[in-house]
Amino acid sequence: MKKLSNYVQDRWVDGAGKGTVLYDPVQGTALASADATGLDLNAAYDWARQSGGPALRDLGYAGRAALLGKIVDVLQANKEKYYDIALRNSGTVKADSAIDIEGGIFTLSWYAKAGAKLSSQSFLTDGDVTPLARDNVFAVQHIQVPIQGLAILINAFNFPSWGLWEKAAPALLSGVPIVVKPATSTAWLTYEMIRDVVEEGILPPGAISLICGRPDGLLDALNGLDIVSFTGSADTAATLRSHPRILRDGVKLNAETDSVNSAILGPDADPTSVELLVREVVRELTIKSGQKCTAIRRILVPEQSYDTIAQSLAQKLAKVTVGDPRQDGIRMGSLVNLAQLEAVRAGIAILEQHADILFDGREQLVIDAPTDSACLPPVLFGVRQPDDHPTVHDVEVFGPVATLIPYRDINHAWQLARRGMGSLVASIYSEDKAFLTHTALALGDSHGRVHLVTAAVSKVHTGHGNVMPQSNHGGPGRAGGGDELGGLRALSFYHRLVAVQAGPEVLADLLG
Ligand code: NAP
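This report concerns the structure included in the present document. (Residues numbered from 1 in each chain as written. Predicted model: local features only at pLDDT ≥ 70, side-chain atom pairs only at ≥ 80, totals over all residues. Heavy atoms only, no water.)

## As for the site of the ligand
In the vicinity of the ligand, 25 residues are found, and the nearest of them are N155, T184, T236, E396 and H473. Between the ligand and S233, the relevant distance is 2.7 Å, taken from an oxygen atom to a side-chain nitrogen or oxygen of the residue. Contact between the ligand and T236: an oxygen atom at 2.6 Å from a side-chain N or O atom of the residue. In isolation the ligand has 910 Å² of accessible area, and contact with the protein removes 84% of it. Mapped onto the shell around the ligand, the elements with two or more residues apiece are β11 (227-231) and α7 (234-241). Per-domain counts for the shell around the ligand show at least three residues from each of domain 1 (42-257 + 485-511) and domain 2 (261-468). (Near = heavy atom within 4 Å. Polar contact = N/O pair within 3.5 Å; in protein donor to acceptor, adjacent residues only side chain to side chain. Areas by Shrake-Rupley, 256 points an atom, 1.4 Å probe, with all protein chains shown as cover. Helix = DSSP H or I, 4+ residues; strand = E, 2+ residues; numbered from the N terminus. Domains from an automatic or database assignment.)

Written as structure tokens, this is what we have:
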């Protein structure tokens, strides 16, 4: 069985323990083991800070952008291997693996291109010189300087490629060495990508480290000038937030957590809008078996449209073929592992107590997969009295599960969407421009992204769940309160804002 080593201090090091086994979720085969027991994390982090940080910063923004471009070339050259790993370890069909693999490469390329045009200075300016004294004899200029600590990138299981590169791209472009900690169950793809990049000798010594498995003291060896970028569940985020390095020493944490996102059909219930909503809901329920943080969990529709939308969704879901992603004609593969299958079943059991089942794919046959595989067909719930059922707004069932919800009027729709208490995204389907813009503003404070779909953009919109490097990703409240991507805004997290106060000549010298 393949052993996933750790990459620390520019060496591949095996863990000293037994390791955690990674499985094929459809065929049940043991694929690899990951272990980080016994690593000297203090030495590893010191090396990253002292060697990787200065070497990256010496290159300047354009030099680092060029490195991202070289990483893209290496990943492109090895893509077929990555698809094979995803097929075996994540149980995803090729189109779903592409969202992770191509999405990661696209995000890297975007930052490689955008970074090439950045400042030739070693810092970024923020705003203009602002006088602090009469006649401008003393003033302030805000600048953003790259942090001189390291960034730990902790990722969730569902995006072993995209989750890695969407964090690594802005960190490396900023000149910050990274320590990558993928989710153990799907760490193989992350491991293989980093191994390929390391073997090509693209990054300077200390710029990248990899920890597979879950070592003791991952955060203990940090200091107050390091940062943590986390993606995963709200429960894990809460554990990390209470760690003394974060709570007491001020380590900066960005958390991207779970979310009960919604899709909203406008009160006009325009026939094209209905069609676009139904298509998007089915896509979101089935892509990666619904294991996407941005997936649609609640479908809000005008009361009078509830029955017809329920029927349309059920008809389309009945055609979804679920099974072994190796077989032709399979649209939806499996969940990531049996533990995730159990977690989704437990979530379904909670929703069953409060909601009606409108479509139950579990009654369908799973095709060409063993009965003990982690395949689970889609389940659609519905609640006619959504105000009385807090669980449908609260429970994130991280699988092919969503709930149809009727609303009385626009205010009721907004109120229900906001009951997610902070979501990553809401998508809205309507031909009523005023409704769309009012909704964007009404939901702006509770959502990280608002995706407005009209017939005019039906063929070009980027999709409810797709996270584009140009757009903000993150959400308030239970979504973690974090911000990622958003174009070059992402670099802010890896920089510190400093106010430089001086006379005009010194500031002119600073700004070159
Ligand atoms: P998870 O169990 O919270 O794990 C996330 C990561 O944290 C993994 O790498 C995990 O390592 C690590 N971890 C867990 N406990 C830790 C601890 N005490 N100290 C340090 N690291 C720790 O989440 P998951 O099951 O992988 O992912 C599913 C969740 O992620 C869902 O709730 C989903 O909504 C959310 N998610 C959010 C986004 C977003 O952008 N908002 C994106 C994707 C997923 P191990 O694997 O070794 O346990």
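After presenting the structure, the write-up continues.
## Here's the deal with the sheet that holds strand β1 (residues 2-4)
An order of β1-β5-β4 is seen for the three strands of this open sheet, with the pairing classed as mixed. The two strands at the open ends of the sheet, each matched to only one other strand, are β1 and β4 (20-23). Averaged over all pairs of adjacent strands, the angle between strand axes in this sheet comes to 30 degrees, irrespective of strand direction. Note that β4 and strand β5 (residues 30-34) share four bridges and pair antiparallel. When the bridges of β5 are listed, L22 appears paired with A32. (Pairing = 2+ DSSP bridges. Axes fitted to C-alpha atoms, helices over the stretch in contact; angles between N-to-C directions.)

## Re the pattern of salt bridges
All chains considered together, the criterion is met by 25 salt bridges. A salt bridge links K167 to E484; the shortest N-O distance between them is 2.5 Å. Pair noted here: K167 is in helix α5 (residues 162-174) and E484 is in strand β21 (residues 484-485), with a separation of 317 residues, a long-range link. For K167, a relative accessible area of 0% puts it in the buried group. Judged by its relative accessible area of 8%, E484 is buried. Of the charged contacts, one joins E342 and R345 as a salt bridge, the two residues approaching to 3.1 Å between their closest N and O atoms. Of the two residues, E342 and R345 are both situated in helix α11 (residues 338-352); the distance of three residues between them amounts to about one turn of the helix. Judged by relative accessible area, which is 45%, E342 ranks as partly exposed. Using a relative accessible area of 42% as the deciding quantity, one classes R345 as partly exposed. Each of K2, K81, E192 and D196 takes part in salt bridges that share partners, so that together they form one network. (Salt bridge = Lys/Arg side-chain N within 4 Å of Asp/Glu carboxyl O. Buried < 20%, exposed > 50% of the residue type's maximum accessible area, 1.4 Å probe, protein only.)

## Some points on the packing of aromatic side chains
Throughout the structure, instances matching the rule amount to six aromatic pairs. Ring plane angle 75 degrees and centroid distance 5.0 Å describe the contact between W110 and Y111, whose orientation is recorded as edge-to-face. Look at Y111 and you get buried, because its relative accessible area is 0%. Between F159 and W162 the ring centres are 5.3 Å apart and the planes differ by 70 degrees, which places this aromatic pair in the edge-to-face class. Considered together, F159 and W162 belong to a single accessibility category, that of buried residues. A connected cluster of aromatic rings, assembled from ring pairs, spans Y7, W12 and Y191. Here the basic side chain of R195 rests over the ring of W12, its NZ or CZ set 4.2 Å away from the ring centre. (Phe/Tyr/Trp six-rings, centres within 6.5 Å; stacked < 30°, edge-to-face > 60°. Lys NZ or Arg CZ within 6 Å of the ring centre and 35° of its normal.)

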